[in-house]
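The residues making up each chain are set out below.
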Amino acid sequence: LPSQDHVYELLNTLDACQCFLDISINFDLTKIYLDLIVTYTSVIIMLSRLDDKKALVGMYNCAYEMTNGTCDSSYPRLSQMLIEYEQPWKKLHEDFGPHTRLVTSAVLSLQMVYPRRNLPADQWRRAQLLSLLSAPANMLDPARCDTVACEYLSMEVMERWIIISFLLCPSSVNSHPPSLELWKAALRSGLYLTLTRDEALNIHKVSEEVFDTVMCVLRYGKRIADIKECREHAIQNNGALHRERRGFLRGALKELFNVLEDEPGLLGPKALYVFMALAFTRDEVLWLVRHSENIPKTKTPEDYVDNKMAELLFYMVKLKALVVKHSYVIQRYHVQYLAQFDALVLNDTIQNMYVCPEEESILTSSFVSTLSALSIKQVQNKEKFDFRALRLDWLRLQAYCSVNKAPLPLKEYPDLAKVMNTIQFHTRLVDNMEDLLLETSELSVLCFYPRVFEKMFQQSSEEPSVKRYIMAFPYICSDFICCAHPLCPEEMEGIQSKSMRLCVSSMQQIAKLTANVVLDICAEQCNLNDQLLPKNSAKTISTARNKKLKKPVPKKGEVEMEKPGAESVRKDRAVVTNMDKMHLTLTELCSSYDLCSDFIVSDHIINPAEFLLSHLETRLSEIIVKMANNSPPSQEITRPSDLLAAVRSYSASLHTISGYINLDVSRLVKSILLQQTQPLDSQGSKTITSLYTNWYLESLLRHASGSLIAHSPTMQCFINQPSDSDLSFRADEFSDISELQSLAQLIGPYGLKYLSENLMWHITSQVSLSPFLTLCSLSLSLPLVGGENVLKRMTIIGVILSFKAMAQDCLNDVIPFYILCIYQYGAFLNGLLPNAFVLQVTLNVFELASAAGFSCDIDPALVSAIASMRTGHNNNIHCLAVAVNQLAASMFTIQGKDIEQQLEEFLLLASSTLLQLGQTVERVESKNRDSVYLLLHMIVEQSPFLSQDTLEGCFPYVLLRNAYRSVYKSCIVTLG
C-alpha cells in the first residue's frame, strides 16, 4: 500500500508540473515514466489473477493478530483495495483519468520511432539494414543517429507502453487520430504481450473487454470493430511477417559477425550496429516464444515454427562473445571519441544556447570538463572508468528542464538532448558494456517456457543444416539467472535448478546425437574391416582358383560378390554414400562444440566435451559387450580374436574424431578397456571379463571335465572329442594360442586375475568334495578308498590348471624390478620374519608376478584358494600330474614345510608302493600299471622341485622304458 501511494504521488507531481515527455529528447525520463505505468498496471493485473488472494490476506491478518494481539493497521485498507480491484481495468481507468494528457503525450512520442522499427523484412533488405558492406567507402565512419537509444529499444517494451497506456486512457484513442493509428499499429503487431515472465496478456481480448464493458458501447462501438479487424490482420499476416524477419536476420547477423571477426577494429565505429542486431534478434525470438505457447487458428501454423532458431541464437552468442573479447578496442575508440569529438560538439551546442541559467550551466559545463579530461593513457594503464555520475546528472537535468516554465526548456533545445543521449550511449560503451549487452540480448524469459525451449531445440536438432548451431541452446541457459530479483532471494535456488535442468538435458541430447553418429561410423568401419579378416577370404580364394582351373562361371541368376573396397569406387563425385552423409553430420555436430570450450550456468562449469566423452564411454561399453554376442542357452560367444579386431577397429575410428573436435580419445579408450577388465563396469553392468569367464568355465571346461573336450599339450589347445552329442562350438577355435592371446589383450591382467580366481574356486570345490587326505593315504601305502572318485576330481583339477597355465602364458608383460628383488630375497625374508607374515608377503608378490605374466613354481592363486579353505589337505589323465604338483606345493606351503624334501619323501613312498605293485600277480591290482608308471614320470618331469636323478635313485628307469613301449603298442592296436 505505501508503494501504491508513492506511485500515485509521483504521477500527481509530474502531472502538476505539466512535464514535457518525448522519447527522442528526454529519453531517460520518458522511459522511466512509461515503465512506471506499465509495471504498476502489471502488478495490479497479476494481483487480480490470484484466486485465493482474499483468503491469503485473511489468514495473514489472523496470524498477525494471534502473534501481536491486535489486527494489522493496514488490513482494512488492503481488504478495501482487493474489493475495489475486482475489476482491475475499470478501477485503473478511474485512477489514470486525471493523467490522460501526460500519458498520451509520452506515448505519442513513439509515433516516429515505433513505425520505423516495425518494418517488414523487404524494407530492411532494401535499406541493407545492419550491413557494413553496403557502403565500403563509409565503413570507417562512426555510426551516428539522433535517437541512438531508441535504435536498440525493445519492440515488446514499446508495444507494451502503447497497448497498456491506451487501455488506461482509452478516451485519447477515440479523440486523437495519431493515437488511434499508433494504437492500431500496436494491435496488429501480435496477439500477446508479456506482463511478467510467463504471464501474458491477450491484447485483443482485453482491449475488447475494456471498450465493451468499461466504456460506453455506443460511443466506442467503432473501436471494437477496429480491435476485431486488427486481430484478424495479426492472425493472417504476423506469422509470415516475423518468419521473414528471422530469415533476414540470420543472414544479416552472419555477415556482420564474419566482417567484425575478420576486422575487429570496426567494433569501435560500428558498435551501434552490434547492439541493434542483438536487439532486433532478441525481439523476434521473444515474439515467437510468446506466440508458440498459444498458436492461433490459422491456415499457416508452420509460420509459428522455426527449425532454424539455433542459428539466430548462435550468432547472438558469437556477437556477444566478440564484443566481450574486443572490449578493449571499443573502450579505447570511444574514450578518444568522447574526448576529441563529443566534448567539442557538446561545447559548441552549449555555446549556441541563447539562455542557460546558472545551475543548468554548472551541469553542462561539468559534462564538457569530464569528457575533455579523458585520455588514451587511462585506457593503456587499464584505469577504471565510471560515468554513472555524468549519466545521473543528465537525468537530473532532464527532470529540471522538462517541467512547465523551466528556465531552460529542453524541448526548445533538441540538439542538446540529442548530443547528450549520444554521449550517454558512448559512456556506457566505456564503463557499462555488460549491462548494455544484457539489455539488448537477454533471453532469460525462456527459463519460464521450458516446453518452448525444448521444442525449439528439438526442431533445430532435426534440421541437418542447423546442427552446427545447436550448442547455442545450452549456452543461453547461462543468462537465465538474470531473471532472478535481489528482493526475492528465495527463488534463486529454483531458477538455478531449472536453468541447470534445461542446460543439462540439451547437452545430453547434443552429446547423444554426436555419439550416435560417431558410433555409427565406427560400426560401418568395423564392418568394412571385418571384410578384410582372413576368415572371409575363402570365397575370394575359391573364385580365383576356379578361374585358374577354368571352371564354369556362375549362372546369370547368381550375384557376384563385391570385393572389399568396392564401396570407395565412384564414377561421379555427386554420388553421396551413407558414410559421406554420416561424416557430414559429424562435421556439423562437432562444429557446434567450437562455440566455447566451457561456460558457466548457475555456478556450475559446463564442459561440452565431457558430456560427449561420458556418452561415448557408456555407449561403447554397451557395444563391446553386445559384440561379444554371448548366449548362455546356446553356449555361443564371439571368438576373442574377432572381438579384439572389432575393438581395434572401433578404437582406430574413434581416434579420427580428434580431427573434428579437441577430445582426449586415448583417455576415453583406456577408460573403457580398463573397465572391461573388471567383472562390472562403472554402470554396474556385466563386462566381457565376466562373460568370457563364465563361458570358459561353464562351456569349455565343463565339457572338458566330461571328456567331451580333451586337452592337447602338443597343439597347446583344447580339442573336441568324437561323441554322440555334438557341441555347438569347436574348442580349438577358442583355446589355441592366438585366441588366448587375444583374450589376454582384451581382459588384461585384471581380467585374467578374475578368471584365475574363478578357476581356483572350482578347484577348491573339487578339493572339498574329495579331501586331500587321500594323498596322505597314498604316501603311507594305505588302501586308497574311493580311488576312482579321487582320480576323476584330480583330473578335473588338472584340466583347470592346464587351461590356467595356457592363459597365463599369454601375458608377457615385464614384471617390475622390485618384485624380482623381493622374489630373489625370499629366503632372506624367510629367515628373519614369522612364517605367517612371510606367507602373506610371498602370496602378494607371487600374485603380482602372476598378474604380470611371470610364471611361478607355485601357483599363488591356488595357494590362496586352498589357504582360505584351511584343509589338511574325460579321460584327461595326463592333467593329473599338474594337479598333484600344484596341490602338493600349495598344501606344503600352507603348512610351512620344505616342499622339495616333502616331495622327495612322497616320491620314495610312491616308488616303493609301485615296485611292490609290480611284484603282485593279481590282475585287478596290476590294472593300468604301466600308465601309473608314466604318470609318476610326468609328475617328476613337470615338477620344479624334483629331478630325473631323484627319480632314478628310487625307481628303475628300465621300468619306465618298458612302460612307454607297452603303452605305445596298445595305442597302435587301439588306433588300428
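Residues numbered from 1 in each chain as written. Predicted model: local features only at pLDDT ≥ 70, side-chain atom pairs only at ≥ 80, totals over all residues. Heavy atoms only, no water.

Peer 1: What should I look at first to understand the overall build of the protein chain in this one?
Peer 2: Check the secondary structure of the protein chain and you find 44 helices and 6 strands. Within the protein chain, the fraction of its 976 residues that count as buried is 48%. Carbon together with sulfur atoms contributes 55% to the accessible area of the protein chain, which is approximately 48800 Å² in total. (Helix = DSSP H or I, 4+ residues; strand = E, 2+ residues; numbered from the N terminus. Buried < 20%, exposed > 50% of the residue type's maximum accessible area, 1.4 Å probe, protein only. Areas by Shrake-Rupley, 256 points an atom, 1.4 Å probe, with all protein chains shown as cover.)

Peer 1: Hey, could you run me through the packing of aromatic side chains in this one?
Peer 2: Applying the stated rule across the entire model yields 28 aromatic pairs. Between Phe453 and Phe480, the ring centres sit 6.1 Å apart and the planes meet at 75°, which makes this aromatic pair edge-to-face. Of the two residues, Phe453 is situated in helix α23 (residues 450-461) and Phe480 in the loop between α24 (472-476) and α25 (492-530); the sequence distance between them amounts to 27 residues. With relative accessibility at 0%, the residue Phe480 sits in the buried group. Between Trp695 and Phe734, the aromatic rings sit 4.6 Å apart at their centres with planes inclined by 40°, giving tilted as the arrangement. Remark: Phe734 occurs in helix α32 (residues 732-735) and Trp695 occurs in helix α31 (residues 688-705); sequence separation between them is 39 residues. Looking at Trp695, the relative accessible area reads 3%, which means it is buried. (Phe/Tyr/Trp six-rings, centres within 6.5 Å; stacked < 30°, edge-to-face > 60°.)

Peer 1: Help me understand the environment of Gln459, please; the structure alone is not making it clear to me.
Peer 2: You can see Gln459 is positioned in helix α23. Given the relative accessible area of 17%, Gln459 is considered buried. Taking the C-alpha atoms as reference points, Gln459 and Ala310, separated by 149 residues in sequence, lie 9.1 Å from one another. Discounting chain neighbours no more than four positions away, the residues touching Gln459 are Val305, Asp306 and Asn307. (Contact = heavy atoms within 4.5 Å.)

Peer 1: I tried to follow the confidence of the model for the protein chain on my own but got confused; where do I start?
Peer 2: A low pLDDT score tells you not to read the predicted coordinates there in detail. Looking at the protein chain, the pLDDT average stands at 84 and 86% of residues meet or exceed 70. Under a pLDDT of 50 for its full length, residues 813-839 has, in the predicted model, 23 contacts with residues more than four places off or in other chains. (pLDDT = per-residue confidence, 0-100.)

Peer 1: Explain the pairing of strand β5 (residues 709-712) here, please?
Peer 2: Side-chain positions along a regular strand alternate between the two faces of the sheet. Neither face of β5 is exposed, since Ile709 and His711 on one face and Ala710 and Ser712 on the opposite face are all buried. Inspection of the sheet shows β5 paired to strand β6 (residues 717-720) by 4 bridges, in the antiparallel sense. Across the sheet, Ile709 pairs through a bridge with Asn720, a residue of β6. The hairpin formed by β5 and β6 contains 4 residues between the paired strands, and Gln716 there has a positive phi angle of roughly 55°. (Pairing = 2+ DSSP bridges.)

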